[in-house]
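# Examining the three-dimensional arrangement
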Amino acid sequence: MIASMQRAILPPQAAVWGLLLANGFLIALMLALAKAATSQGMPAVTYAFWQTLIAGAVLLLCSQKRRSLLERRLTRYFLISGLTGIAVPNVIGFYLVTKLGAGFTGIMYALPPIFTFLIATGIGLEKRSWIKLTGLSIAVVACTWIVLQRHSEISSPNILWFAMGLIIPAMLSIGNVYRSVAWPDDVKPMILASGTLLASAFTLGLFAGLTGTSIFPESTGFHLPGIVILQGLLTALTYLCAFELQRRSNPVFYSQLGAVAAVFGLLIGVIWFRENYSLTIWLGAFLVILGLRISNRKSAQTAET
């Protein structure tokens, strides 16, 4: 009775869009906190390690079935999900941001919708749809336009760095599809998010050890511990929403998080960092929203019928 009332109040399509918007906002907020923390001298890999470790531990403590985290059948899921969705893209992104700048790295994080759509249609998980492909293309091109307008660091002639950059959307897209295809039965999103985050923290800790990066930096700002703890809590909420979104939707819809986060990033930049944007950037944000609406037009109509 209660479940039917909830469905009547909040249709499934509205719940999925709500999760997408909330998740995009949380991602943009996390990036803003990361900018505040790394500007105080904390290495990006160290920051990502504590971010994922705290978030994974919080979700594990809040879960009622902690023992399921140790099930052997979930080990491969956690490792692949953590490597493709968090650890590998972040490590490459942290490296490339010092070589090619934040602009190029931001573009790479906006490309997963196209990559995910191509992979999903290639394996038969998603039906071929020119409408969806057109909408996703508009959103991705608009994201690229926004980033290019905000940054001008893409000037390095090293082709290998650009090739490395393509690994970011490729890994994120593989992770998007893998989490949907290999979703374990009878396992709550909180446990899956916790295991993925802890697996990512483990691999980031190994990477920090191999590169000689200390996970306990000596020189940090006064407010840094509070920022790290807040980031960990926000990350826990973000990935809980992300896995719930993945459970309710499909890989292509889920992959649009980067585009949504880009729009919220503009709003946070205006409110928090007092940044000013030109009319062309706001036009790009409008095109992102338009592209997302076009790409999801068919699925929305299907849900209504």
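In every chain, residue numbers begin from 1 and rise along the written sequence. A pLDDT threshold of at least 70 governs which residues receive local features in this predicted model, and a stricter bar of 80 or more applies before side-chain atom pairs are shown or counted, although totals over entire chains, interfaces and linings include all residues. Calculated side-chain values reflect all of the structure's heavy atoms, with hydrogen atoms and water omitted.

### Brief notes about the overall build of the protein
Working definition: helices are DSSP H or I runs of at least four residues, strands are E runs of at least two. Numbering for both runs from the N terminus. Within the protein one finds 15 helices and zero strands. Residues classed as buried in the protein amount to 48% of the 305 residues present. Any pair of residues with heavy atoms lying within 4.5 Å of one another is described as a contacting pair. Partitioning the contacts of the protein with sequence separation of at least 6, the portion at a separation of at least 24 is 86%. Of the roughly 15700 Å² of accessible surface on the protein, a fraction of 68% belongs to carbon and sulfur atoms. Accessibility here uses a 1.4 Å probe with only protein chains present; expressed as a share of the type maximum, an area under 20% marks a residue as buried, one over 50% as exposed, and anything in between as partly exposed. Here, Shrake-Rupley sampling with a 1.4 Å probe gives the accessible areas, and only protein chains in the shown set may cover a residue.

### Quick look at the packing of aromatic side chains
Two rings from Phe, Tyr or Trp (for Trp, the six-membered ring) form a pair when their centres are within 6.5 Å of each other. A pair whose planes differ by under 30 degrees is stacked, one over 60 is edge-to-face, and the rest are tilted. As enumerated under the stated definition, the model contains seven aromatic pairs in all. Note on phenylalanine 25 and phenylalanine 264: the rings are 5.6 Å apart at their centroids and 75° apart in plane angle, and the pair reads as edge-to-face. One end of the pair, phenylalanine 25, is in helix H2 (residues 12-38); the other, phenylalanine 264, is in helix H13 (residues 257-271), with 239 residues separating them in the sequence. Relative accessible area serves as the criterion here: at 35%, phenylalanine 25 is assigned to the partly exposed category. Aromatic rings pair up to connect Phe49, Trp50 and Phe216 into one cluster. Throughout this description, the term charge over a ring refers to an Arg CZ or Lys NZ atom that lies within 6 Å of the ring centre and within 35 degrees of the ring normal. A cation over a ring is seen here: arginine 179 above phenylalanine 243, with NZ or CZ 5.9 Å from the ring centre.

### Details of the packing of helix H10 (residues 189-210) against helix H11 (residues 224-248)
What counts as an axis is a line fitted to C-alpha atoms, over the stretch in contact for a helix, and the angles between N-to-C directions run from 0 to 180 degrees. Their axes nearest at 9 Å, the elements H10 and H11 cross at an angle of 125°. Relative to H11, the element H10 lies oblique. The element H10 and its partner H11 pack so that their crossing is right-handed. The segment H10 lies against H11, with Pro189, Met190, Leu192, Ala193, Thr196 and Leu197 engaging Thr235, Tyr239, Leu240, Phe243, Glu244 and Arg247. A breakdown of the residues in the contact of H10 with H11 according to their chemical character gives eight nonpolar, two polar and two charged. These descriptions rest on fixed angle ranges, namely under 35 degrees for roughly parallel, over 145 for roughly antiparallel, 65 to 115 for roughly perpendicular, and the rest for oblique. A clockwise turn of the near helix away from the far one marks a right-handed crossing, whereas an anticlockwise turn of less than a right angle marks a left-handed crossing. Under the scheme applied here, ten amino acids are nonpolar (Ala, Val, Leu, Ile, Met, Phe, Trp, Tyr, Cys and Pro), four are charged (Asp, Glu, Lys and Arg), and all others, including Gly, are polar.

### A closer look at helix H9 (residues 167-181)
An α-helix turns once every 3.6 residues. As a result, residues three or four positions apart point the same way. Between its first and last C-alpha, H9 extends 21 Å over 15 residues, near the 21 Å set by a 1.5 Å rise per residue. Those residues of H9 lying buried are Ile168, Pro169, Met171, Leu172, Ser173, Gly175, Asn176, Val177, Tyr178 and Arg179. To estimate how far a helix should reach, multiply one less than its number of residues by 1.5 Å.

### Regarding a nonpolar patch on the surface
Only residues whose relative accessible area exceeds 30% and that form no salt bridge enter a patch; like-charged residues are grouped when within 9 Å of one another, and nonpolar side chains (Val, Leu, Ile, Met, Phe, Trp, Tyr) when within 5 Å. When a carboxyl oxygen of Asp or Glu lies within 4 Å of a side-chain nitrogen of Lys or Arg, that pair is called a salt bridge. On the surface, Leu267, Val270, Ile271, Leu279 and Trp282 cluster together into a nonpolar patch covering about 500 Å² of accessible area. Note on placement: leucine 279 falls in helix H14 (residues 279-295).

### Points about the pattern of salt bridges
As enumerated under the stated definition, the model contains three salt bridges in all. Salt-bridge contacts for arginine 73 lead to glutamate 71; the nearest nitrogen and oxygen are separated by 2.7 Å.

### Section: H14
Spanning 17 residues, H14 covers 24 Å between terminal C-alpha atoms, matching the ideal 24 Å at 1.5 Å per step. Those residues of H14 lying buried are Ile281, Gly284, Ala285, Val288, Gly291, Leu292 and Ser295. When H14 is viewed along its axis, its buried side chains cluster within an angular range of 120° and face the same direction. Residues of H14 that are exposed and point more than 90 degrees away from the buried face comprise Leu279 and Phe286. The arc in question is formed by the directions pointing from the helix axis toward the C-beta atoms.

### Re the environment of proline 112
Within the secondary structure layout, proline 112 lies in helix H6 (residues 112-122). Residues proline 112 and asparagine 176, 64 residues apart in the sequence, show an inter-C-alpha distance of 8.8 Å. Among residues more than four places away in sequence, those in contact with proline 112 are Pro169, Leu172, Ser173, Asn176 and Ser255.

### Side note on the confidence of the model for the protein
Model confidence for the protein is summarised by a mean pLDDT of 79, while 83% of its residues fall at 70 or above. Looking at any residue, its pLDDT shows the predictor's confidence there, from 0 to 100. Between the elements of the protein, mean pLDDT differs from a low of 42, seen in helix H1 (residues 2-9), to a high of 91, seen in H10. Ignoring residues within four places in sequence, the model shows residues 1-10, a span with pLDDT below 50, making one contact including any to other chains. Low confidence marks residues 299-305, where pLDDT is under 50. Its contacts with residues over four positions away, or in another chain, come to three contacts.

### Description of the side chain of threonine 121
The residue threonine 121 is located in helix H6 in this model. A relative accessible area of 10% places threonine 121 in the buried class. By the criterion applied in these results, polar contacts are pairs of N or O atoms within 3.5 Å in which, for protein atoms, one can donate a hydrogen and the other can accept it, and in which residues neighboring in sequence qualify only through two side-chain atoms. From its side chain, threonine 121 meets the backbone oxygen of phenylalanine 117 in a polar contact 2.8 Å long. Here threonine 121 is in contact with Glu126, Lys127 and Arg128, once residues within four sequence places are set aside.

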